[in-house]
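Coordinate inspection notes
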Amino acid sequence: MELFTTDLAMKLRNARRARKLSQAALAREAGCTQSAISMMELGRADAISRETLMKLAKILEVDIDLPPITDSPATSLSPVKRLCCPQGECPSNTPFAVAGTVSFWPKHQPAGHNGDFCAYCGEVLLHACPECQAPLNEGGHCARCGSSYVNQPLLTDTTPDAWAASRRQQLAEWRALL
Ligand SMILES: [Zn+2]
Ligand SMILES: [Zn+2]
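Below is a summary of the structure that appears in this document. (Residues numbered from 1 in each chain as written. Chains lettered and ligands numbered in written order. Predicted model: local features only at pLDDT ≥ 70, side-chain atom pairs only at ≥ 80, totals over all residues.)

On to the overall build of the chain, then. What the chain contains, in helices and strands, is 6 helices and 4 strands. Starting at the N terminus, the α and β elements of the chain follow one another as α-α-α-α-α-β-β-β-β-α. Among the 178 residues that make up the chain, the fraction classed as buried is 22%. Residue pairs at least 24 apart in sequence account for 57% of intrachain contacts in the chain once pairs closer than 6 positions are excluded. (Helix = DSSP H or I, 4+ residues; strand = E, 2+ residues; numbered from the N terminus. Buried ≥ 20, exposed ≤ 12 C-beta atoms within 10 Å, placed from the backbone. Contact = placed C-beta atoms within 7 Å.)

Laid out in structure tokens, this is it:
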């Protein structure tokens, strides 16, 4: 019997003892002979039928590892995970200036693609908010704590508006080349 292992036999025996059931009492409940129980507990797979084994497991509340059920719908329903690149200078992030700072609209990348590295710049992708670990939402900021997903660029000799505008211009040209 493929379900039967000596490990399972031991579990069943221990469960029976924990319940202070005698082999005879368990046999009566399961509708088999006491000697069948005795042999089963010694690891004799041929001592009992599959039905009896299932009955014993149920009575003793022992889990039997049943063969896995294939194509379960639960796994295919898992939501698509969002990942984005945390680099401000990465072409996957479109910058725009808001209230004197640079904000980004990240292009989300599929999980597992390229081994979780940015397809554009090779940076390790962000799986969750860097501050509070909340799942990423659609925009560039965490809905829970307000943190920006994308690192601020270094602004020297330029304003956020000018930087974002020239960066968008570069991105437009770069995309036109693809
Ligand atoms: Zn990137
Ligand atoms: Zn957050």
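Next, the rest of the story.
Not every positive phi belongs to a glycine, and K20 is a case in point at roughly 55°. Looking at the element boundaries, K20 is found in the loop between α1 (6-18) and α2 (23-30). The exposure class of K20 is exposed, given the 7 C-beta atoms found within 10 Å. At E61, a position not held by glycine, the phi torsion is positive, near 55°.

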